[in-house]
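Listed below, chain by chain, are the residues.
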Amino acid sequence: MLSATDNGILTRTGAGTPMGDYFRRFWLPVALSRELPERDGPPVRLRVLGEDLIAFRDTEGRVGVLDPRCPHRGANLFFGRNEECGLRCAYHGWKFDVEGRCVDLPTMPPESGFRARVRAGAYPAREWGDFVWAYLGPAAQEPPLPELEFAVLPAERRFVSKKLQQCNWAQACEGALDTAHFSFLHMPVWSADDAVAAAVGRSSVDRERTRWMRDDPRPEFEVARHDVGFVAGAARKADGDDRYWRIAQFMLPNHALTPNALPGENIHGQTWVPIGDEAAWVYCYTWNPDRPLTEEERRSYRKGRTVHAEVDERWVPLRNRDNDYLIDREDQRKRTFTGIQGVSEQDAMIQDSQGFIADRTREHLGPTDAAIIEFRRQVLHGARDLAAGVEPAAARAAAAYRVRGGSLVAHRTLSFADVMTRRFGHPLGRVVG
Amino acid sequence: MLSATDNGILTRTGAGTPMGDYFRRFWLPVALSRELPERDGPPVRLRVLGEDLIAFRDTEGRVGVLDPRCPHRGANLFFGRNEECGLRCAYHGWKFDVEGRCVDLPTMPPESGFRARVRAGAYPAREWGDFVWAYLGPAAQEPPLPELEFAVLPAERRFVSKKLQQCNWAQACEGALDTAHFSFLHMPVWSADDAVAAAVGRSSVDRERTRWMRDDPRPEFEVARHDVGFVAGAARKADGDDRYWRIAQFMLPNHALTPNALPGENIHGQTWVPIGDEAAWVYCYTWNPDRPLTEEERRSYRKGRTVHAEVDERWVPLRNRDNDYLIDREDQRKRTFTGIQGVSEQDAMIQDSQGFIADRTREHLGPTDAAIIEFRRQVLHGARDLAAGVEPAAARAAAAYRVRGGSLVAHRTLSFADVMTRRFGHPLGRVVG
Amino acid sequence: MLSATDNGILTRTGAGTPMGDYFRRFWLPVALSRELPERDGPPVRLRVLGEDLIAFRDTEGRVGVLDPRCPHRGANLFFGRNEECGLRCAYHGWKFDVEGRCVDLPTMPPESGFRARVRAGAYPAREWGDFVWAYLGPAAQEPPLPELEFAVLPAERRFVSKKLQQCNWAQACEGALDTAHFSFLHMPVWSADDAVAAAVGRSSVDRERTRWMRDDPRPEFEVARHDVGFVAGAARKADGDDRYWRIAQFMLPNHALTPNALPGENIHGQTWVPIGDEAAWVYCYTWNPDRPLTEEERRSYRKGRTVHAEVDERWVPLRNRDNDYLIDREDQRKRTFTGIQGVSEQDAMIQDSQGFIADRTREHLGPTDAAIIEFRRQVLHGARDLAAGVEPAAARAAAAYRVRGGSLVAHRTLSFADVMTRRFGHPLGRVVG
């Protein structure tokens, strides 16, 4: 439970808000690189933390992220012409490069020297891990890019996508850290026979995991803090004396890795970037540290498996808030707990259902909400510190973002630290070597 | 004419408003029973007096009306699973029965005793007359159900339906009590020949009524108060020394009966339940005290005759505010006074046209507005009394809701009381015997 | 650049605002005459300066502009019946003529004398130049109709139309006075070959104009004030020692004439009438002082050439804000500077793109913005004067509205006054003789 004040701080990210200032100390994904496929191609509209922006790729392949207002009379540069290393306003031909410099100003006498003094608003932009990232904060505080493992690896070992989330960023991020919900939200119904269970979990390993999650809805949580966030393990009873550990990572301010990968399996992560306070883009990534992803894997992600949603051409999930996620009540009665297809869509449904901005003043939290509580503590702490003048150390700890999440079946006597070391080679999940 | 203050009191029914508190002292229809056709079927969303609610029918057939927010973390129980006498939240499996009691709480240790202390918000719900009714007020003041005649009778003698009204409840209710408007709104045009008149009014009785209403646009009103509202008679000149009386009933806070039934004909009524302040559900009922309704009658009501509208699958009238009620100007010129099909739709058009909330500060009322004036007086009085601590007596006078409205042709020397007694056997229209 | 206060004054025209009061001292077009094609036909809804109104044509062909609220109980007269020189409310039959007088009042006793005392709200209305004009100001200040030349001429010499503008009136009007933008917004791209140029400009005269405008993006502006606004000339280098003059007219408060007509060519003008503050109707007119327009000319205007847009049946441009004006990026790359079809649509795009209400506090104006600066000065001055009690003289100077705009190629030594006199026979563009 949060106070109304804290709930407001957690969820509001417009310019000048504490959390808005905090987000503006980190690089944020603002587009897929493939949304700007060609040099001198059409600009695209962005909306990030309540700010309207445009992005374009210039003649040399560089991406610019600009305030869309032409400084002359405010015409929108989205309708401008992308030509010869700059975007030219369609009204009177003022032209700006990827950094916002005015490179042509045909309506003013050259001798006025005005061209050198006028600039379009622009934010630093980089391509990294097949995303376009922008930094919306003060120039003096520009940090390095976070070394998330999916971005560091060769492109053939990752798959990235994007999907619309129709609610506030924070409750969606909480949903990813709340691994207790797997015992219900993503389950086949109790009465479903083996055939159904087999259909949902296709391998014997999947069937076992499903059984362990269904049979223990009250996992025990352990949380360990690190330089850029925390790692949260949740242990359920498995067979015999074993426990089934599911370990999620959170990296400040808005990245989370899923807890499902057993050793050798692909790892998944998501980054929530507020559009405004009632919607967010979720940037999704899957990677394998050791091998290229197969074409079959890519195909399944494109169709919407794991964190990737099945989306339309504007990245809106086909099953979304506006169509009740195409809930099938007959399926809910007989086969799956929600009647909604897709793990990503089940998550979106339940997160959106908390309201456009969840009211955290009326909650009743318990021990299984440990990761959520830690998430709120860290981001509220970071926003409050910054408001008091303390810059976030995490933003500069680029290498510390190279962590992994995943699963392990281990004897019940093993501590969380032992489990982490056995699974990842490091007690906090850092990538070693 | 009302002051702006009184207009606000009359029309605002949100929690904490005077009229909102007043409505919350009465049972209100909130759904048709047939919207919840099966046990353990899908929940339905409701919005009543500005509050979002859900209703579901449990394994034993009982209906629950709940606050949709799961007390754990606010996920919406609409997406929950309706199973074994309770609705289970899809997020972490908390489960609640029709009265909001928590009957399963899998994420908390049983020994914590927490389950007994947590409840979902719930309102008392009953089925009565093929409607689901809810009581949204303080438990200590819960009244009996109103004994409206349609609800008391065997089901085969009634037909019920529901339709969306796209304006504030009060002006729609006023429209039902204002029987003077029949001389225009529902008329064939003056110049229309007998063929048109015949088409509009199918029998010779209908033709006579139509002629009397057309020829006397200034009926004389008489109003008599009773324990749960008032009865309003409007007398028009008929043939010879006769007068054509049309008698409507109003029952607090939001029920009205139509004035059209001649002895032996079916009786119609409507109940307006605010969704918010700019829309309402109208619950409609037709009954015959003495015999089952015929299949042909039911078919005609389903197609939208009398108070029943022609609606889509979500109970939205096919001819509505958004499509200008499919007004046909050629028809308006040559055949009917509005060019709009359907008595219910003609009423909705003119009521909606007063604005989403009618501005009563600029009216010019006259003698034919007597019933409207009495309606406002009674409900404003009731709301003001309650604000001063006086509970509404009408809410407890359940038996006094058993009244009828209708028509009579009577000699001009007969008083209103005589007419009432001759038509209904009781001077206020109470059902006797 | 304007202060936020001045930007607010310039753009807000609701009742009681300074600019709203100023507009209410002038006759304004509120409909095309052809929107009310027949006597006793259907009324039409209007929205003017934030006020909801209706217009209807009565049995004798007169047009009335009324407040839609029936004074009885506020039902909307739009749904009324237009019959025998009056509009009859569909609720209880109260009937009003084109001046708002109550001509029938069936629900009140005739002896009450009430009919003579009740009126529907009504504004003076006139037909003039194939538009319906209304005067929304105080009766004592009602001015004569402005003698715009297109309206004074015989109907066969003019063509009028109407189109929706999806932004504030003022920035759209500025766009018409800003003739510098022709060097970009309406141009073929620099690299386009002669074939493209030929397609855009069909005649050799057109090709020359296009070349002169393309080659000189920094025309020199001259502004001369007159009794009802100002005339603005912009001179570009032409061939040899010639200059290509383009001369636009502005007439208070909201009329502008385009600068393109060479001697003998048709003249075009536009009048912006605010719907609210975020949209306007643009009333468009083309005329030839000396001859009837040809059927081919009318056909081309109907299809959307010059100031006339290609619109749907509700006067909404087919290429509009909601569909990004059907921008074709390939066309923008290879052929035209915007990739958008139609001069009117190119203008609408760039004007709308400044925002629903342009923020003039962040501009960087230069010498080519001289006409815009004068426009703001005059209308702000007029609104401020009126607020101080000085009635606008322009509203009474009806004859001074008879001016023309157009083009001339002239030797560079000729002054603006000389150019005006040579082109129009008058130094301010007044129609002489």
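The rules behind these values
- Residues numbered from 1 in each chain as written.
- Chains lettered and ligands numbered in written order.
- Predicted model: local features only at pLDDT ≥ 70, side-chain atom pairs only at ≥ 80, totals over all residues.
- Heavy atoms only, no water.
- Helix = DSSP H or I, 4+ residues; strand = E, 2+ residues; numbered from the N terminus.
- Rg over C-alpha atoms; globule rule 2.2 N^0.38 Å.
- Contact = heavy atoms within 4.5 Å.
- Areas by Shrake-Rupley, 256 points an atom, 1.4 Å probe, with all protein chains shown as cover.
- Lys, Arg positive; Asp, Glu negative; His and termini not counted.
- Charge placed at Lys NZ, Arg CZ, Asp CG, Glu CD.
- Buried < 20%, exposed > 50% of the residue type's maximum accessible area, 1.4 Å probe, protein only.
- Arc of directions from axis to C-beta.
- Least-squares fit on C-alpha atoms with pLDDT ≥ 70 in both.
- Salt bridge = Lys/Arg side-chain N within 4 Å of Asp/Glu carboxyl O.
- Phe/Tyr/Trp six-rings, centres within 6.5 Å; stacked < 30°, edge-to-face > 60°.
- Lys NZ or Arg CZ within 6 Å of the ring centre and 35° of its normal.
- Buried area = accessible area lost by both parts, 1.4 Å probe.
- Polar contact = N/O pair within 3.5 Å; in protein donor to acceptor, adjacent residues only side chain to side chain.
- Nonpolar A, V, L, I, M, F, W, Y, C, P; charged D, E, K, R; others polar.
- Pairing = 2+ DSSP bridges.
- pLDDT = per-residue confidence, 0-100.

**A few points about the overall build of chain A**
Part 1 of the argument: Secondary structure summary: chain A contains 11 helices and 19 strands in total.
Part 2 of the argument: Computed over C-alpha atoms, the radius of gyration of chain A comes to 23 Å, within 12% of the 22 Å expected from 2.2 N^0.38 for 433 residues, which places it in the range of a compact globule.
Part 3 of the argument: Summarising its shape, the C-alpha atoms of chain A cover approximately 85 × 45 × 45 Å along the three principal directions.
Part 4 of the argument: Pairs at least 24 residues apart make up 62% of the contacts formed inside chain A by residues separated by at least 6 positions.
Part 5 of the argument: Taken as a whole, chain A presents about 16,200 Å² of accessible surface, with 49% of it coming from carbon and sulfur.
Part 6 of the argument: In chain A, 59 positive and 61 negative side-chain charges are present, and the distance between their average locations comes to 1 Å.

**Digging into the environment of B:Val419**
Residues and elements named next belong to chain B.
Part 1 of the argument: Tracing the backbone through its elements, the reader meets valine 419 in helix α11 (residues 416-424).
Part 2 of the argument: Distance from valine 419 to cysteine 167, taken between C-alpha atoms, is 35 Å for residues 252 residues apart in sequence.
Part 3 of the argument: Aside from chain neighbours lying at most four places away, what touches valine 419 is Trp245, Ile247, Leu408, Ala410 and Leu414.

**As for unusual backbone geometry**
Glycine aside, residues mostly have negative phi angles, and peptide bonds mostly take the trans form.
Part 1 of the argument: A cis amide bond, omega -5°, links A:Leu252 with the succeeding residue A:Pro253.
Part 2 of the argument: With respect to the element layout, A:Pro253 can be found in the loop between β15 (242-251) and β16 (255-257).
Part 3 of the argument: At B:Glu84, a position not held by glycine, the phi torsion is positive, near 40°.

**Things to note about helix α11 (residues 416-424) of chain A**
All names here are of chain A.
Part 1 of the argument: Of all the positions in α11, only Phe416, Val419, Met420, Arg423 and Phe424 are classed as buried. Viewed end-on, α11 has its buried residues packed into an arc of 100°, placing them on one side of the element.
Part 2 of the argument: In this structure, the buried residues of α11 make contact with β13 (220-226), β14 (229-237), β15 and β19 (406-411).
Part 3 of the argument: Glycine 425 sits one or two residues past α11 and shows a positive phi near 80°.

**Notes on the relation of the copies chain A and chain C**
Part 1 of the argument: Mapping chain A onto chain C is achieved by rotating through 120° and translating by 0.1 Å along the same axis, at an RMSD of 0.1 Å. Such a turn and shift between the copies fits a three-fold axis. In terms of proximity to the rotation axis, the leading residue of chain A is A:Asp322, whose C-alpha is 12 Å off the axis.

**Overview of the pattern of salt bridges**
Residues and elements named next belong to chain C.
Part 1 of the argument: Considering all chains together, one arrives at 127 salt bridges over all chains under this definition.
Part 2 of the argument: Between aspartate 67 and arginine 69 there is a salt bridge, with the nearest N and O atoms lying 2.9 Å from each other.
Part 3 of the argument: The buried category is assigned to aspartate 67, whose relative accessible area is 15%.
Part 4 of the argument: On the accessibility criterion, arginine 69 (38% relative accessible area) is partly exposed.
Part 5 of the argument: The salt bridge partner of arginine 376 is glutamate 174, with a shortest N-O separation of 2.7 Å. Of this pair, arginine 376 sits in helix α11 (residues 370-387) while glutamate 174 sits in helix α5 (residues 169-177), placing them 202 residues apart in sequence.

**Some details on the packing of aromatic side chains**
Part 1 of the argument: Scanning all chains against the criterion turns up 60 aromatic pairs over all chains.
Part 2 of the argument: Centre to centre, the rings of A:Phe230 and A:Phe250 are 5.5 Å apart; their planes meet at 40°, and the pair counts as tilted. Of the two residues, A:Phe230 sits in strand β14 while A:Phe250 sits in strand β15, which places them 20 residues apart along the sequence.
Part 3 of the argument: With a centroid separation of 4.8 Å and 80° between ring planes, the pair formed by C:Phe23 and C:Trp169 is classed as edge-to-face. Highlighted residues: C:Phe23 in helix α2 (residues 18-23) and C:Trp169 in helix α5, separated in sequence by 146 residues.
Part 4 of the argument: By relative accessible area, C:Phe23 is classed as buried at 0%.
Part 5 of the argument: What links up through ring pairs into an aromatic cluster is the set A:Phe131, A:Trp133, A:Phe150, A:Tyr283, A:Tyr285 and A:Trp287.
Part 6 of the argument: Residue placement shows B:Arg45 over the ring face of B:Phe78; its charged tip is 3.8 Å from the ring centre.

**What about the interface of chain A and chain C?**
Part 1 of the argument: Listed per partner, the contact involves 34 residues of chain A and 35 residues of chain C.
Part 2 of the argument: Between chain A and chain C lies a buried interface of about 2,800 Å² when both sides are counted; carbon and sulfur atoms form 53% of it.
Part 3 of the argument: Taken together, the connections running from chain A to chain C amount to 5 salt bridges.
Part 4 of the argument: Across the salt bridge formed by C:Asp178 and A:Arg73, the nearest N and O atoms sit 3.4 Å from each other.
Part 5 of the argument: The interface formed by chain A and chain C holds 18 residue pairs in polar contact (both at pLDDT 80 or more) in total.
Part 6 of the argument: Residue classes in the side of chain A that touches chain C are distributed as 16 nonpolar, 8 polar and 10 charged.

**Section: the sheet that holds strand β7 (residues 95-96) of chain A**
Part 1 of the argument: On the basis of which strands lie adjacent, the open sheet formed by 4 strands has the order β5-β6-β7-β8 (chain A) and antiparallel pairing. Strand pairing shows two members of the sheet lacking a second neighbour, β5 (81-82) and β8 (102-104) of chain A, which therefore form its edges.

**Structural notes on the interface of chain C and chain B**
Part 1 of the argument: Between chain C and chain B, the residue contacts involve 34 residues of the former and 35 residues of the latter.
Part 2 of the argument: Both sides together, the interface formed by chain C and chain B hides about 2,800 Å², and carbon and sulfur atoms give 53% of it.
Part 3 of the argument: Applying the counting rule to chain C against chain B returns 5 salt bridges.
Part 4 of the argument: The shortest N-O distance in the salt bridge between C:Arg45 and B:Asp324 comes to 2.8 Å.
Part 5 of the argument: Our enumeration of links across chain C and chain B arrives at 18 residue pairs in polar contact (both at pLDDT 80 or more).
Part 6 of the argument: Each residue belonging to the side of chain C that touches chain B can be placed in one class, and the counts come to 16 nonpolar, 8 polar and 10 charged.

**Here we look at the side chain of B:His186**
Residues and elements named next belong to chain B.
Part 1 of the argument: For histidine 186, the position within the fold is in the loop between α4 (169-177) and α5 (194-200).
Part 2 of the argument: At a separation of 3.0 Å, a polar atom in the side chain of histidine 186 contacts the side chain of aspartate 347.
Part 3 of the argument: For histidine 186, the residues in contact, after removing those within four places along its chain, are His181, Val343, Gln346 and Asp347.

**Remarks on the environment of A:Val431**
Part 1 of the argument: On the secondary structure map, A:Val431 appears in the segment after α11.
Part 2 of the argument: A sequence separation of 28 residues divides A:Val431 from A:Val403, and the C-alpha atoms of the two residues are 5.4 Å apart.

**Observations concerning the sheet that holds strand β9 (residues 122-123) of chain A**
Residue and element names in this part refer to chain A.
Part 1 of the argument: Read across the sheet, 4 strands follow the order β2-β3-β4-β9 without closing on themselves; strand pairing throughout is antiparallel. Lying at the two open borders of the sheet, with one neighbouring strand each, are β2 (44-48) and β9.
Part 2 of the argument: Where β2 lies against strand β3 (residues 51-57), 5 bridges are found, and the strand directions are antiparallel. When the bridges of β3 are listed, arginine 47 appears paired with aspartate 52.

**Considering the confidence of the model for chain A**
Part 1 of the argument: Overall, the predicted model of chain A reaches an average pLDDT of 96, with 97% of residues at or above 70.
Part 2 of the argument: The ipTM, which scores confidence in the relative placement of chains, is 0.95 for this predicted complex, and the corresponding pTM is 0.95.

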